[in-house]
Amino acid sequence: MLTINPFSVLSEIIPPLVMQVFLITMIALVILGTLIDIIHKKNVKYFFENAKKAKKNATKELSAGERVSVIAKTVVYDIGTTSELGAGKRRVAHLLGMYGTILFWIASVVMIFCYSSSSSITPSVWPIIWHAGAIMTVLGGSWFWFFLRVDVYSEAQPWYRIIKADLFVLALITTSLFGLIWSFLQSLNLSDRWDDKVFLVLYVVSNLVLFGGVYWSKFAHMFYKPGAAIQKNLAEADGSRDNLPPEADAPEKFGLGIKREAPKHY
Ligand code: HEM
């Protein structure tokens, strides 16, 4: 199973062009959902107005090289390692899910566009990346959803409580999980079996929910968070500090504060 391109096997019943159009439709849904979200929340408008205001407080004009260096460091460290989540389980779970999803999506695009006809030979590395990415996403997403959700971890809500905020993580987990099960059942090559078709339908439906639900889910955070991290670091480098007052000229002594104990007050 791990070395079989599931889309190439699928092309025996569904033409590659249909798969390619489906994938392009999913990308279009993400763009549309994000644009509607931006128009509705006005968050990007606020973001740029704030950045313009902050620029007036800059104490240093950054050269193009300095800007590139700040942006590159932000991409590699803040975004690439989701440093915002600090050290610990939350960050590990997020990295597992984030890189799993990236691998899963890249391998899907390559296998659907380059190797989806039944006559093409897929280099084994792509199906391996696709399956490994799906497994990482299921593990990271489930770890987060079952054990690390704030409303469950800290507020004693039961683990099976589902709210709108769970749409993104659940759609992400189910897409990868149904994809894996479909690929496994299809690889058994039992021609008259129907169960792989059931999981194919579930895989398609969960993709429609994931990509069609961008406006209602947290999907777009993967675009907003990097933008905010870059702006924050540029504002630090040019001295504008996002319109915050200057740092106190004294050692940081805040006491233990929220680090005194784990937040479990219920
Ligand atoms: C393919 C890219 C990404 C995927 C698949 C992904 C996935 C997720 C998931 C499933 C959640 C949990 C959502 C929930 O609260 O239900 C989450 C939360 C979060 N993500 Fe991402 N993410 C991605 C990119 C990023 C990037 C680039 C950043 C930051 C630079 C980021 C920062 C965060 C933060 C801060 C949270 C909140 C975590 C928490 O509430 O504990 N994510 N992400």
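Up top is the structure these notes are about.
Residues numbered from 1 in each chain as written. Predicted model: local features only at pLDDT ≥ 70, side-chain atom pairs only at ≥ 80, totals over all residues.

Student: An account of the overall build of the protein is requested, with residue identities and associated values reported.
Tutor: In terms of regular secondary structure, the protein is built from 10 helices and 0 strands. The order of helices and strands in the protein, counted from the N terminus, is α-α-α-α-α-α-α-α-α-α. Among the 266 residues that make up the protein, the fraction classed as buried is 22%. The long-range fraction of contacts in the protein, counting pairs at least 24 apart against all pairs at least 6 apart in sequence, stands at 81%. (Helix = DSSP H or I, 4+ residues; strand = E, 2+ residues; numbered from the N terminus. Buried ≥ 20, exposed ≤ 12 C-beta atoms within 10 Å, placed from the backbone. Contact = placed C-beta atoms within 7 Å.)

Student: Break down helix α6 (residues 125-148) for me, with residues and values.
Tutor: An ideal rise of 1.5 Å per residue puts 34 Å on 24 residues; α6 measures up with 32 Å between its terminal C-alpha atoms. Along its buried surface, α6 packs onto α5 (89-114) and α8 (167-187). (Expected span 1.5 Å × (residues − 1).)

Student: Account for unusual backbone geometry, with residues named and values stated.
Tutor: Most peptide bonds take the trans configuration, and most residues that are not glycine carry a negative phi. Here Lys 42, not a glycine, exhibits a phi torsion of approximately 55°, which is positive. Residue position: Lys 42 is located in the loop between α2 (16-41) and α3 (43-56). Note on Lys 42: 10 C-beta atoms within 10 Å, which makes it exposed. Phi angles above zero are rare outside glycine, and Thr 82 is one such case at about 35°. Relative to the elements of secondary structure, Thr 82 occurs in the loop between α4 (64-79) and α5. A residue is classified by how many C-beta atoms lie within 10 Å of it, and Thr 82, with 18 of them, is partly exposed.

Student: Kindly report on the site of the ligand, identifying the contributing residues and their values.
Tutor: Taken together, 23 residues form the shell around the ligand, and within it Met 98, Thr 101, Val 169, Met 222 and Lys 225 come nearest. Breaking the shell around the ligand down by element, the ones donating at least two residues are α5, α6, α8 and α10 (221-237). No other element matches α5, which puts 6 residues into the shell around the ligand. Partitioning the shell around the ligand into residue classes produces 12 nonpolar, 6 polar and 5 charged. (Near = placed C-beta within 6 Å. Nonpolar A, V, L, I, M, F, W, Y, C, P; charged D, E, K, R; others polar.)

Student: How would you explain the packing of α4 against α10 if you had to name every residue and give the values?
Tutor: Remark: α4 packs on α10, axes separated minimally by 9 Å, with the N-to-C direction vectors making an angle of 135°. Here α4 lies oblique to α10, going by the angle between them. Along this stretch, α4 crosses α10, giving a crossing that reads as right-handed. Judged by residue contacts, Glu 66, Arg 67, Val 70, Ile 71, Thr 74, Asp 78 and Ile 79 of α4 engage Pro 226, Ala 229, Ile 230, Asn 233, Leu 234 and Ala 237 from α10. (Axes fitted to C-alpha atoms, helices over the stretch in contact; angles between N-to-C directions. Parallel < 35°, antiparallel > 145°, perpendicular 65-115°, else oblique. Left-handed = near helix turned anticlockwise from the far one by under 90°.)

Student: Go over the nonpolar core with me, naming the residues and quoting the values.
Tutor: Grouped together as the largest cluster of nonpolar side chains are 27 residues, with contacts concentrated most on Ala 107, Met 111 and Trp 130. Of all the elements in the fold, those that place two or more residues in this core are α1 (6-10), α5, α6, α8 and α9 (195-212). Broken down by element, this core gets its largest block of residues, 9 residues, from α8. Contact partners of Met 111, with chain neighbours within four places excluded, come to Asn 5, Phe 7, Ser 116, Thr 122, Trp 126 and Trp 130. (Core = buried A, V, L, I, M, F, W, Y, C linked by C-beta atoms within 7 Å.)

Student: Lay out the environment of Val 109 with the relevant residues and their values.
Tutor: As for its placement among the helices and strands, Val 109 is situated in helix α5. Accessibility expressed as a C-beta count within 10 Å gives 13 for Val 109, which makes it partly exposed. As for Val 109 and Ala 248, which are separated by 139 residues in sequence, their C-alpha atoms are 50 Å apart.

Student: Quick rundown of the environment of Leu 188? Include the residues and the values.
Tutor: Of note, Leu 188 is situated in the loop between α8 and α9. Here the alpha-carbon distance between Leu 188 and Trp 143, two residues 45 residues apart in the chain, equals 29 Å.

Student: Residue-level account of the packing of α2 against α5, with values.
Tutor: α5 packs onto α2 with a crossing angle of 145° between their chain directions and a minimal axis gap of 9 Å. Judged by the sense of rotation from one axis to the other, the crossing of α2 with α5 is left-handed. Contacts between α2 and α5 pair Met 19, Gln 20 and Leu 23 from the former with Val 109, Ile 112 and Phe 113 from the latter. Split by residue class, the contact of α2 with α5 holds 5 nonpolar, 1 polar and no charged.

Student: Explain the environment of Ala 93 to me, using residue names and the numbers behind them.
Tutor: Mapped onto the fold, Ala 93 is located in helix α5. On the basis of neighbour counts, which here come to 20 C-beta atoms within 10 Å, the residue Ala 93 falls in the buried class. In the structure, Ala 93 is positioned 126 residues away from Phe 219 in sequence and 17 Å away in space, judged by C-alpha atoms. When near neighbours in sequence (up to four residues on either side) are disregarded, Ala 93 contacts Gly 140, Trp 143, Phe 144 and Leu 148.

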